[in-house]
Amino acid sequence: MILDETHDCRDAFAEELVRLARADDRIVAVCNDSVGSSKLGSFAAEFPDRLVNVGIAEQDMVGIGAGLANAGLVPFVCGAATFLTARALEQIKADVAYSLANVKLCGMSPGLAYGALGPTHHSTEDLSWLRAIADLPVIVPADPAQTRAAIRWAAETDGPVFLRIGRFPVPDVSPPGGPAFTYGRAVRLREGVDATIVATGTMVSRAMQAAALLEERGVQARVVNVSTVAPLDREEIMAAARQTGAVVTAEEAVPTGGLGAAVAEVVLETRPVPMRLLGTRAFAPTGETGFLLEYFGLTADGIARTALEVLGLDHS
Amino acid sequence: MILDETHDCRDAFAEELVRLARADDRIVAVCNDSVGSSKLGSFAAEFPDRLVNVGIAEQDMVGIGAGLANAGLVPFVCGAATFLTARALEQIKADVAYSLANVKLCGMSPGLAYGALGPTHHSTEDLSWLRAIADLPVIVPADPAQTRAAIRWAAETDGPVFLRIGRFPVPDVSPPGGPAFTYGRAVRLREGVDATIVATGTMVSRAMQAAALLEERGVQARVVNVSTVAPLDREEIMAAARQTGAVVTAEEAVPTGGLGAAVAEVVLETRPVPMRLLGTRAFAPTGETGFLLEYFGLTADGIARTALEVLGLDHS
Amino acid sequence: MTLTPTAHELLLPDHDAIAGWRRLRERLARADRDAAATALATLSGEIRRTVISTITAAGLGHAGGDLSVTDILTTLYGAVLRVDPADPGWPDRDRFVLSKGHCSVALYTTLATCGFFSADRLSTFAAPLSPLNGHPSRRAVPGVETSTGPLGHGLPVGVGIAVGLRLRGSAARTVVVLGDGELQEGSNWEAAMTAGHRGLASLTAVIDRNGLQQGARTSDTNDLEPLADKWRAFGWEAVEVDGHDHLALLDAVTAPHGSGRPRCVIARTVKGRGVSFMEDRVEWHHKVPDAEQARTALEELR
Amino acid sequence: MTLTPTAHELLLPDHDAIAGWRRLRERLARADRDAAATALATLSGEIRRTVISTITAAGLGHAGGDLSVTDILTTLYGAVLRVDPADPGWPDRDRFVLSKGHCSVALYTTLATCGFFSADRLSTFAAPLSPLNGHPSRRAVPGVETSTGPLGHGLPVGVGIAVGLRLRGSAARTVVVLGDGELQEGSNWEAAMTAGHRGLASLTAVIDRNGLQQGARTSDTNDLEPLADKWRAFGWEAVEVDGHDHLALLDAVTAPHGSGRPRCVIARTVKGRGVSFMEDRVEWHHKVPDAEQARTALEELR
Ligand SMILES: Cc1ncc(C[n+]2csc(CCOP(=O)(O)OP(=O)(O)O)c2C)c(N)n1
Ligand SMILES: Cc1ncc(C[n+]2csc(CCOP(=O)(O)OP(=O)(O)O)c2C)c(N)n1
Ligand SMILES: [Mg+2]
Ligand SMILES: [Mg+2]
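Below, the structure is looked at part by part. No experiment lies behind these values; they were computed from the predicted model shown. (Residues numbered from 1 in each chain as written. Chains lettered and ligands numbered in written order. Predicted model: local features only at pLDDT ≥ 70, side-chain atom pairs only at ≥ 80, totals over all residues. Heavy atoms only, no water.)

Comments concerning the environment of Ala-41 of chain D
By the element assignment, Ala-41 of chain D lies in helix α2 (residues 33-58). Along the primary structure Ala-41 of chain D and Ser-219 of chain D are separated by 178 residues, whereas in three dimensions their C-alpha atoms are 30 Å apart. (Helix = DSSP H or I, 4+ residues; strand = E, 2+ residues; numbered from the N terminus.)

Structural notes on the coordination of the magnesium ion (ligand 3)
Under ideal tetrahedral coordination, the four donors around a metal are separated by 109.5 degrees; under ideal octahedral coordination, the six donors are separated by 90 or 180 degrees. All names here are of chain C. Donor atoms from the polypeptide that coordinate the magnesium ion (ligand 3) comprise Asp-180 (OD), Asn-210 (OD1) and Leu-212 (O), at 2.1 Å from the metal. Binding-site remark: the magnesium ion (ligand 3) is held by donors from one chain whose sequence spacing is D-x29-N-x1-L. Take Leu-212: its relative accessible area is 4%, and that puts it in the buried class. (Donors = N, O, S within 2.8 Å, 3.2 Å for Na, K, Ca; no water. Buried < 20%, exposed > 50% of the residue type's maximum accessible area, 1.4 Å probe, protein only.)

Re the site of ligand 1
Near ligand 1, the surroundings consist of 24 residues, among which Glu-58 of chain B together with Lys-100, His-102, Asp-180 and Lys-271 of chain C are the closest. One chain alone does not account for the residues near ligand 1; they come from chains B and C. In the environment of ligand 1, a nitrogen atom lies 2.8 Å from a nitrogen or oxygen atom belonging to the side chain of Glu-58 of chain B. In this structure, an oxygen atom belonging to ligand 1 sits 2.7 Å away from a side-chain N or O atom of Lys-100 of chain C. Isolated, ligand 1 exposes 590 Å² of accessible area, and the fraction of that covered by the protein chains is 97%. (Near = heavy atom within 4 Å. Polar contact = N/O pair within 3.5 Å; in protein donor to acceptor, adjacent residues only side chain to side chain. Areas by Shrake-Rupley, 256 points an atom, 1.4 Å probe, with all protein chains shown as cover.)

Quick word on the site of ligand 2
In the vicinity of ligand 2, 24 residues are found, and the nearest of them are Glu-58 of chain A together with Lys-100, His-102, Asp-180 and Lys-271 of chain D. At ligand 2, the nearby residues belong to more than one chain, namely chains A and D. Leu-151 of chain D places a main-chain nitrogen or oxygen 3.0 Å from a nitrogen atom of ligand 2. One of the side-chain nitrogen or oxygen atoms of Asn-210 of chain D is found 3.0 Å away from an oxygen atom of ligand 2. Burial of ligand 2 by the protein amounts to 97% of the accessible area it has alone, namely 590 Å². Its residues assigned to classes, the shell around ligand 2 comprises 5 nonpolar, 10 polar and 9 charged. (Nonpolar A, V, L, I, M, F, W, Y, C, P; charged D, E, K, R; others polar.)

Structural notes on the coordination of the magnesium ion (ligand 4)
In the first shell of the magnesium ion (ligand 4), the protein supplies Asp-180 of chain D (OD), Asn-210 of chain D (OD1) and Leu-212 of chain D (O), at 2.1 Å from the metal. By relative accessible area, which is 1% here, Asp-180 of chain D ends up buried.

In short, the description is geometric, and any link to function would need to be established separately.
Quick look at the structure:
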């Protein structure tokens with residue numbers, strides 16, 4: 001993990017989508033006046049007819065996605081995560097998930113990525129909102145390699161899916177070699193016996209840094225990257241609870257119904273151990289993303305302190 | 001608890017709203033072509049000018065609610081729970097919760113109440129969706145007395161609130177005497193030392209019946225009625241975990257982010273004990289409400305079996 | 001992700017019914033206008049009777065809107081839509097979306113008449129584990145292109161289908177039937193704007209303009225007039241016809257799109273059409289007839 | 001429920017600024033048309049310059065839309081809206097909603113000019129813990145009636161305000177300013193239908209018709225024309241004016257509603273108005289000027 005080389009996952013998303021579209025003419029993109037923010041410029045240039053920009057109309061966008069799928073196409077429906085999910089939630093439930101339409105919902109710039117644009121633009125509720133919907137896989141890639149692999153998987157697989165495509169710069173975290181993304185499987189990035197940090201998306205590299213900080217304090221923390229938030233990799237979570245005895249989850253989202261809640265349920269049902277759920281807990285104040293992540297304790301330091309706390313160790 | 005006398009909480013809601021409206025001319029009702037299903041007929045008859053039926057337009061309905069509050073009125077915005085929440089979620093987030101508007105959102109006929117009208121009409125995700133939104137109290141009355149008291153509290157209190165008003169017939173569960181509803185406080189309906197059943201809404205009377213079944217098996221189950229799902233009564237949940245050592249939650253909803261997830265978080269953070277989260281776990285098949293509750297194990301028997309399971313006792 | 005099945009029975013094509021429907025289509029294609037009108041009226045009568053029996057037996061349904069939309073459905077399935085009940089997924093099929101999904105019984109009956117599944121399955125409507133839920137599910141019912149029930153979903157999906165078919169070079173058409181009260185949903189106007197902007201001439205919206213919604217008249221709730229002007233201002237052709245006149249509907253739906261625009265057919269209908277005590281009565285939106293009322297209704301529909 | 005504060009500073013009225021604004025209002029009320037036009041143009045110039053400086057300093061903002069909406073804001077706050085910056089909650093105040101909330105800097109600057117808070121707070125725009133977030137929050141900014149930012153929220157809220165004021169017997173009026181691209185959101189048409197149906201003559205919608213949205217022209221994305229026809233078909237009066245002509249705007253907004261209908265003023269504007277290299281250029285939707293560009297812009301705006 002080279003920490004100072006960071007990437008906007010939207011770039012990997014956009015490149016991979018163009019690559020897939022070259023090979024498969026069923027792939028189309030749909031967006032809500034978000035060609036730029038969804039990084040669809042090169043797609044538009046190469047496949048002008050296969051970009052359906054519906055304008056500022058998210059319900060229409062998702063319904064159109066379902067219709068395109070019905071016509072035999074493979075639509076990637078892209079919009080700022082909060083507008084896509086908040087504005088079109090019933091379309092996501094009825095037209096996509098309940099109808100089992102082959103629609104790839106791509107929530108761009110999620111979490112606190114919009115920084116000082118404020119809470120109306122932050123997408124911190126999306127994981128809770130979507131995990132509540134049956135039959136809708138929720139995927140959160142943590143770096144460019146996972147982003148590419150997840151999109152390839154989504155394009156190949158028939159059925160609905162939500163992909164959370166990050167904007168906040170992240171370092172590469174996927175181990176070289178092995179597959180960057182396997183649907184339904186969490187990736188253990190670091191071994192440890194004292195506690196497990198279960199992280200997703202932007203929090204994964206911070207979890208790795210937290211583990212390094214913890215090591216200085218003599219704590220061996222395991223780090224698990226959950227890129228399939230729903231359905232969750234129960235085995236890996238059970239192993240974490242059983243083998244390390246303490247769990248901290250970290251997500252750039254409210255933990256009420258997202259990663260934190262998902263992990264909590266497995267831990268409680270199989271091996272109750274002390275746990276803490278890190279995430280955003282309120283509408284954010286004004287500030288850029290980095291500042292807001294600090295504000296909510298979503299930093300290497302914040303994660304490490306929380307791990308010490310759950311272990312009952314002094315964290316001052 | 002007289003089990004065979006059951007009530008549709010919408011009636012208590014409607015009566016109490018008319019009573020409040022007589023005393024306070026700021027109270028208005030807003031609905032989406034749902035005068036009948038929201039039981040607003042008598043309100044309309046008595047206060048024709050104070051009923052704003054916007055037609056089939058839920059985004060408009062919630063925005064109008066926020067506007068009415070801005071003009072100094074106290075709007076009760078009523079619609080079938082799933083359309084109110086799924087269709088107007090961004091209005092609930094931005095216009096109501098983030099704007100701190102004095103709007104009373106009333107989700108009518110929630111859960112599986114619409115029976116064979118199917119999953120598009122079931123509101124099983126609402127608790128997860130709304131609990132993810134900051135600064136929005138989520139209230140689920142369990143019987144007519146709680147419904148009345150909760151509405152009175154909502155009318156008197158400045159600020160946003162979501163009230164889940166049940167249609168599926170429920171018996172009275174509130175103990176006579178004491179206040180039926182205190183904001184933020186769960187009510188312990190039955191003492192017990194072996195396990196706690198934490199229930200909300202329609203599941204409360206079933207939890208009581210489950211406790212009776214468990215007693216036959218020698219298990220003393222505590223029953224806690226959570227009518228304020230957010231913010232949760234942490235003390236009562238902590239006491240349950242500490243004093244009874246096992247917890248089962250039951251809600252007519254997906255437990256991914258609603259009552260189950262809320263309780264799980266407190267249990268894990270304070271006293272990890274074995275727990276099970278009962279709720280709906282998929283889009284429902286066809287069938288009337290009673291059948292569907294059985295299908296998902298949301299019955300006295302299902303709750304009791306789950307309690308035995310979490311205690312490691314034979315439940316065959 | 002393992003999907004929980006929402007229905008425990010697979011609906012299969014009914015080949016006898018398909019053969020009967022094919023004969024009807026051929027007959028109609030050759031018939032003069034009077035004969036065609038008679039055949040479609042006969043079909044509508046049969047469907048209306050089955051609607052009444054099915055709702056009465058199930059104790060659930062939306063009789064008023066089922067009866068107002070019946071003639072629209074029979075016109076479309078009897079003489080317009082190129083579909084194959086034996087192969088519901090045929091890529092070049094015309095697409096039909098019933099956006100007012102609460103009128104599922106009229107749709108199910110029509111689909112069964114065409115042979116998408118056997119008419120005897122209609123008796124399972126709303127019964128435990130039946131594929132025939134209160135609102136049509138794409139998962140369970142062949143011929144249903146998208147699950148509907150929440151209002152205002154059908155037209156955006158229809159627009160997506162029409163855009164997609166055009167992209168794939170298919171000449172198939174897309175027809176969406178909407179309620180009039182349903183047009184209060186803004187999602188429809190998003191879709192209308194997109195369809196107008198894109199000149200989706202293969203798309204037709206038919207409005208079941210019965211003037212009533214769930215609880216009252218549309219004009220008392222949130223008036224829609226001038227309705228044709230709205231569609232025209234959103235870039236559509238708009239025509240108004242008698243929605244119980246099969247030939248008028250047929251002409252309105254099949255006339256060539258000279259303008260290259262999508263077309264809106266405003267079909268003036270009567271909610272509860274054909275049953276005297278239901279006609280234009282708001283309470284029959286979702287009231288269920290008792291045995292006596294059902295008997296009277298069936299007689300009137302003979 | 002303990003609310004987490006979203007801003008750590010309370011914005012308080014600036015009484016000097018209020019006095020200045022009151023003098024301007026009085027002067028304008030007595031002025032002849034030429035003098036009024038000049039005074040409003042001067043005010044617009046000041047606001048445009050502050051917009052440029054504020055966005056440049058913060059490294060964030062929506063300059064194009066701020067500059068296109070400025071003349072609308074100065075007309076409204078300079079000569080139309082009856083508000084009291086010293087008492088922002090005055091029950092009988094006129095209500096203003098900026099539905100295109102991304103143009104918060106123009107709004108904040110206007111509010112500061114009226115004295116809702118001190119203009120020196122503008123330098124905290126977008127800074128950590130500032131009440132002046134990228135989109136206006138009702139929690140933090142006096143004069144903001146509802147938090148906006150997601151498009152298509154302002155008109156429904158405005159309709160609710162107008163219905164509520166009428167119910168309370170208040171004669172106060174409600175003005176909502178919307179973007180043109182924003183009109184693609186169906187929520188606006190839901191609200192438009194309700195307002196038309198209810199004859200909300202105290203409600204005015206002003207459309208900042210700059211012809212551009214975030215990524216392209218509205219006509220290339222999802223065309224809105226014929227726009228006035230749409231509003232009329234939804235039961236509104238509609239007039240088109242030059243949105244940079246203060247007097248034309250003033251007349252359009254203040255003319256009596258003879259028809260008893262809500263009024264839509266389609267204000268033809270130029271995105272980036274007043275800065276040559278920004279005018280009608282889509283990239284200036286949210287591009288931030290560098291120091292050199294800011295200097296040029298400020299000069300051109302002198
Ligand atoms: C989003 C949404 N809101 C509310 C409802 C409840 N509902 C079902 S049918 C109906 C009335 C529909 O009226 P209309 O579209 O005119 O249909 P028709 O008269 O043909 O039955 C309503 C409000 C719904 N199904 N979906
Ligand atoms: C619901 C929603 N979707 C998308 C956006 C992103 N967005 C911000 S501004 C904008 C373009 C607005 O165009 P217009 O309404 O014409 O405003 P103006 O040209 O005056 O800036 C878009 C798409 C948003 N804020 N809200
Ligand atoms: Mg109707
Ligand atoms: Mg514009």
